[in-house]
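Architecture and fold: a report
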Amino acid sequence: MMKLKSKQAITGIAFALPALVGVFVFYLIPYCISLYYGFTLQNEFVGLENFSLLMRSNTFWLSMKNTAVFSLIAIPLAVAVPFLIALFLSTFERFSDFFSSLFLSPLIVPIASVIYVWQILFSDYGIINGILTKCGADPVQFFKGKWAMALIILIFVWKNCAYNIILFSAGLKKMPRDVMEFARLDGANRLQVITKIVLPLLRPTTFFVILLTVISSFKIFREVYLLYGMYPDENVYMIQHFMNNNFANLNYPRLSAASIVLSVVIIAVMLVFFLFERRSSE
Amino acid sequence: MKKRIISILKYLLLIFIVLLFLLPIIYMLANSFMSTEEISEAYTASTEHYLSFHLIPDRFSLEQYYQAFLRRPQFLKLFWNSILITVPVVAIQTLVSSFAAFAFTKFRFPMRDALFFIFIILLILPSWVTMVPNYMMIQRLSLLDTLWSLILPSAFTAFGVCLLRQYMRYIPDETIEAARLDGASAIGILFKIVLPQVKGGIAALMILSFIDSWNMVEQVIVFISDREKYPLSVALSEYAGTDPGIVFACGVIFMIPPLLLYLYHSKEFKNAKV
Amino acid sequence: MKSTIKSIIIRISIAFLIIVALLTYFSGTIDNYLLPHVSVTFGGEGSLKYDLQTVSVFEENSSDYDDSETLCFRFECEKELDHFVQMGSLVSLQASVEVAENEYALREGAAVIVEKREAQDGIECTAELKKMDIAGDEKMPAVGDEVLIDTEFESQPYRHIVMKSAIQNGSFVYLVTKDADEKRYVHEVPVTILEESDFYAAVEMSGDSLPIVLSSTKEIHDGQRVIVDG
């Protein structure tokens, strides 16, 4: 019996080994190296010097602020909108596979492919502004100021709705129909059914959707870069811009310090999120 | 009667929503069949007038495709860069993650949970954090400015392991135990019993990781300085500036590989249960 | 049903990849076929060089005062060297010297031009060689010995020296520029010829250090896309 167990353990480790080696070589070990860089300046231990320099950097705080604003608006939207659409879709008796494929297309189509369409639609003399002026409204500068952020959020929601709708729809499909019918008969209105019955039953799905949306919200830089380049309007200057610009001048101490600070922040936020999820599911 | 109107309204709303999602894509597809002349006429930026909505080509033309396929060798070379990055990433990621996820769900070994915790942490760390360690290692391995610098870190992300583990958890231990008692080897169990049951997970992993590397931007502009090695995901946007006449066709061509992969897996992918 | 869809998609994918691969492979060839090929040269700073290579025979010194230590010889050169062959300028030479019976060796030396006059299709010069200007040997060239004149004259320095065959109609050259896509285009740039030798010309033009079209397989015009060979 003992022998069987140890054999199992060896096989298990052997199977996990390639992934572990990859993760250690490209993530864990170099992360430790960057810890070293974070606390040194020209091979000298400087304590928190790099961090205080980082904290005094205006661009760092600007990028933090923009990323926070983006996440706080875009993530809830990219979860709520698909949920509503999925609810709407669930009211159809039969819903063909064909339609759900159509919903996935924004996910499948590469960002770079549609970026020119966005430019034509939203540029200063673009199609949307043409329609706006025809309707008598003032044209909007979508690529500048507050609107730049709004445009990015719109594109993000457009792109990420796709998969989330599919996930929510799958979750709703599994929902026992008779429970809802009973509640309806008991006199609960539609909103009550959704908040009291549907949402709690959908919790695991929602959790997974939020997680996926958060992960893809980290990649919004791609759209911003392709639309605005390396030095965008200050309202959409993201953390990735800050990092990339520091890569450009190879400022390792600052990069390492930023990487450490950000990883601590994100791990903390996500731990709270996980704990909250566990607490509420109990 | 009232019911009828409501259901008509519902269908109208459905069509509206679907159109909203599809419009940019339809627009790109339709515009790709215009001649380069028509494109430059329609979309030359000017401060005189607003661009108009120009969906249907005046004359159907394959000129953009002819230009992209036959007269722009550079475009096709960059297209291959994208393939050369994405295919290895998806292949390595799928294979390595299958083994690792199997190990983390169905085997017991020391430190298992602690090691898996590392994967969960890595899963949620964004590229702005992980690119710094990636860069340090790539530089030490002197892989900067090669396609490997894009392939290797992306191939070993934690995403695949976490996703597949989520699917494999639902396979009952008894199934595997029974196969083991029948004398099946661990690799045999993985390929004959486990993987066929998590097809949805494999499909989702392949599609999502394909799309992720197909859209790669931030790593490219930091790790690669030779523009000949840029994948289309970055280079395509530069065409808009230099060669706007063929941008739509290039976009359509660039869309084909992920679309084919998606169509191949669409059944499993849509029925994904989590 | 399901598996047939999958196999169709796999076939489409493979066909797509093969087509793209073939197109990539042949796209260079297609361009090769359609576009003019040009060979290029690079201009640059420098001076024009003129060669004077001719053969003559030593004669007895015919100058007024008789000096047994000097020999003279006559040679002809082209008009374009007029500027360089002046009274008193030096030409380097190799004189064949009889070191033993029927045995000749070449000795290097330099002679001074003492006389110059217009000839039919060039200039005739007479140069004087002092015997002691022949590098150290007791054996000196004698009357009737052969002399090989081999001198390179250099013009003043110029900013642009280009090959004459690159100048079209004596008035412009084609410069090759390259865009972000590595595609090459030719541009017409006017030039003024300041001085020319056999193969090179000193010109005035704009556009530093760009490749200049030497020859092309097809007619080219301003703004044309081309393939640069080599």
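The shown structure was predicted, so the numbers you read here are calculated from the model rather than taken from an experiment.

The rules behind these values
Residues numbered from 1 in each chain as written. Chains lettered and ligands numbered in written order. Predicted model: local features only at pLDDT ≥ 70, side-chain atom pairs only at ≥ 80, totals over all residues. Helix = DSSP H or I, 4+ residues; strand = E, 2+ residues; numbered from the N terminus. Rg over C-alpha atoms; globule rule 2.2 N^0.38 Å. Buried ≥ 20, exposed ≤ 12 C-beta atoms within 10 Å, placed from the backbone. Contact = placed C-beta atoms within 7 Å. pLDDT = per-residue confidence, 0-100. Nonpolar A, V, L, I, M, F, W, Y, C, P; charged D, E, K, R; others polar. Core = buried A, V, L, I, M, F, W, Y, C linked by C-beta atoms within 7 Å. Expected span 1.5 Å × (residues − 1). Pairing = 2+ DSSP bridges. Axes fitted to C-alpha atoms, helices over the stretch in contact; angles between N-to-C directions. Parallel < 35°, antiparallel > 145°, perpendicular 65-115°, else oblique. Left-handed = near helix turned anticlockwise from the far one by under 90°.

1. Describing the overall build of chain A
Helix and strand counts for chain A come out as 13 helices and 2 strands. The C-alpha radius of gyration of chain A comes to 24 Å, more than 25% above the 19 Å expected for a compact globule of 282 residues. Counting only C-alpha atoms, chain A reaches 80 × 70 × 35 Å along its principal axes. Relative to its 282 residues, chain A shows a buried fraction of 38%. Restricting to contacts in chain A with at least 6 residues of sequence separation, those with at least 24 account for 72%.

2. Digging into the overall build of chain B
Helix and strand counts for chain B stand at 14 helices and 0 strands. Secondary structure elements of chain B, listed N to C terminal, follow the sequence α-α-α-α-α-α-α-α-α-α-α-α-α-α. In terms of overall size, chain B is more extended than a compact globule, its C-alpha atoms giving a radius of gyration of 24 Å where 274 residues would be expected to give roughly 19 Å. Overall, the C-alpha framework of chain B stretches about 75 × 70 × 30 Å when taken along its three principal axes. Buried positions account for 49% of the 274 residues belonging to chain B.

3. Concerning the confidence of the model for chain A
Per-residue confidence for chain A gives a mean pLDDT of 86, with 96% of residues at or over 70. Mean pLDDT per element in chain A: helix H8 (residues 177-185) of chain A is the minimum at 71, and helix H3 (residues 58-90) of chain A is the maximum at 92.

4. Description of the interface of chain A and chain B
Counting residues at the interface gives 74 residues for chain A, matched by 77 residues for chain B. When residues in the side of chain A that touches chain B are grouped by element, the largest group, 21 residues, is from helix H1 (residues 2-38) of chain A. Its residues placed into classes, the side of chain A that touches chain B shows 51 nonpolar, 21 polar and 2 charged.

5. Focus: the arrangement of the chains
The protein chains that touch form 2 pairs of chains, and the pair with the most contacts between them is chains A and B. At their nearest point, the C-alpha atoms of chain A and chain C are still 14 Å apart, with no contact between the two.

6. Quick look at the interface of chain C and chain B
In this complex, chain C contributes 18 residues to the contact, which on the side of chain B involves 15 residues. Looking at side-chain class alone, the side of chain C that touches chain B contains 8 nonpolar, 4 polar and 6 charged residues.

7. Description of the nonpolar core
With 159 residues, the main nonpolar core has Val 23 and Ile 152 of chain A together with Ala 100, Val 161, Ile 207 and Cys 250 of chain B as its most contacted residues. Counting residues per element, this core draws most heavily on helix H4 (residues 73-106) of chain B, at 15 residues. With near-sequence residues (within four places) excluded, Ala 100 of chain B lies in contact with Phe 15, Ala 16 and Ala 19 of chain A together with Val 161 of chain B. Grouped together as the second largest cluster of nonpolar side chains are 18 residues, Val 162, Val 173, Val 203 and Val 226 of chain C included.

8. Quick look at the environment of Ile 224 of chain B
Residue and element names in this part refer to chain B. The topology assignment puts Ile 224 in the loop between helix H12 (218-223) and helix H13 (232-242). Exposure remark for Ile 224: the 20 C-beta atoms within 10 Å place this residue in the buried category. Along the primary structure Ile 224 and Ser 149 are separated by 75 residues, whereas in three dimensions their C-alpha atoms are 8.1 Å apart.

9. Focus on helix H12 (residues 239-248) of chain A
With 7 of 10 residues buried, H12 of chain A lies mostly within the body of the structure. Along H12 of chain A, the residues that are buried comprise Ile 239, Gln 240, His 241, Phe 242, Met 243, Asn 244 and Asn 246 of chain A. Contacts made by the buried residues of H12 of chain A are with H3, helix H11 (221-228) and helix H13 (252-281) of chain A together with helix H6 (127-140) and H12 of chain B. The positive-phi residue at the C-terminal boundary of H12 of chain A is Leu 250 of chain A, with phi of around 50°.

10. Observations regarding the environment of Pro 153 of chain B
Inspection of the secondary structure puts Pro 153 of chain B in helix H7 (residues 148-155). Here the alpha-carbon distance between Pro 153 of chain B and Tyr 262 of chain B, two residues 109 residues apart in the chain, equals 24 Å. Those residues in contact with Pro 153 of chain B that sit more than four places away from it in its chain are Phe 26 of chain A together with Asn 134 of chain B.

11. What to know about the confidence of the model for chain B
For chain B, the mean per-residue pLDDT works out to 88, and 97% of the residues sit at or above 70. Across the whole predicted complex the pTM is 0.75, and at the interface the ipTM reaches 0.89.

12. Structural notes on helix H11 (residues 199-214) of chain B
Note on helix geometry: an α-helix contains 3.6 residues per turn, so any two residues three or four positions apart are oriented the same way. Along its 16 residues, H11 of chain B runs 22 Å from first to last C-alpha, staying within 8% of the 22 Å computed at 1.5 Å per residue. Across the 16 residues that make up H11 of chain B, a large majority, 14, are buried.

13. Side note on the pairing of strand S5 (residues 90-100) of chain C
Residues and elements named next belong to chain C. As defined by bridge partners, S5 adjoins strand S6 (residues 103-119) across 10 bridges and the pair is classed as antiparallel. If you follow Ser 92 over to S6, its bridge partner there is Ala 110. In sequence, S5 turns back onto S6 through a hairpin of 2 residues, with Asn 102 there showing a positive phi of about 55°. Here 3 bridges tie S5 to strand S8 (residues 146-163), and the two strands are oriented antiparallel to one another. Counted as the bridge partner of Leu 93 is Ile 149 from S8.

14. Quick word on the packing of H3 of chain A against helix H10 (residues 203-217) of chain A
All names here are of chain A. Close contact between H3 and H10 brings their axes to 10 Å; oriented N to C, the two are set at 135°. Judged by the inter-axis angle, H3 sits oblique to H10. Crossing of H3 against H10: the hand is right-handed. In contact with Ser 71, Ala 74, Ile 75, Ala 78 and Val 79 of H3, H10 contributes Val 209, Ile 210, Thr 213, Val 214 and Ser 217.

15. A look at unusual backbone geometry
Residues and elements named next belong to chain B. Residue Met 111 is not a glycine yet carries a positive backbone phi of 70°. Inspection of the secondary structure assignment puts Met 111 in the loop between H4 and helix H5 (112-124). For Met 111, a count of 10 C-beta atoms within 10 Å puts it in the exposed group. Although it is not a glycine, Asp 145 sits at a positive phi angle of roughly 70°. Within the secondary structure, Asp 145 is located in the loop between H6 and H7. We classify Asp 145 as partly exposed; it has 13 C-beta atoms within 10 Å.

16. Looking at the environment of Phe 79 of chain B
Tracing the backbone shows Phe 79 of chain B in helix H4. For the pair Phe 79 of chain B and Tyr 230 of chain B, spaced 151 residues apart in the sequence, the C-alpha separation amounts to 9.1 Å. For Phe 79 of chain B, the residues in contact, after removing those within four places along its chain, are Leu 232 of chain B together with Val 20 of chain C.

17. Some words on the packing of H12 of chain A against H13 of chain A
All names here are of chain A. Where H12 contacts H13, the two axes come as close as 9 Å, and the packing angle between them is 155°. Here H13 runs roughly antiparallel to H12, going by the angle between their axes. Here H12 and H13 pass one another in a crossing that is left-handed. Facing Ile 239, Met 243, Asn 246 and Phe 247 of H12, the residues of H13 in contact are Arg 254, Leu 255, Ala 258 and Leu 262. Looking at the contact of H12 with H13 residue by residue, the class counts come to 6 nonpolar, 1 polar and 1 charged.

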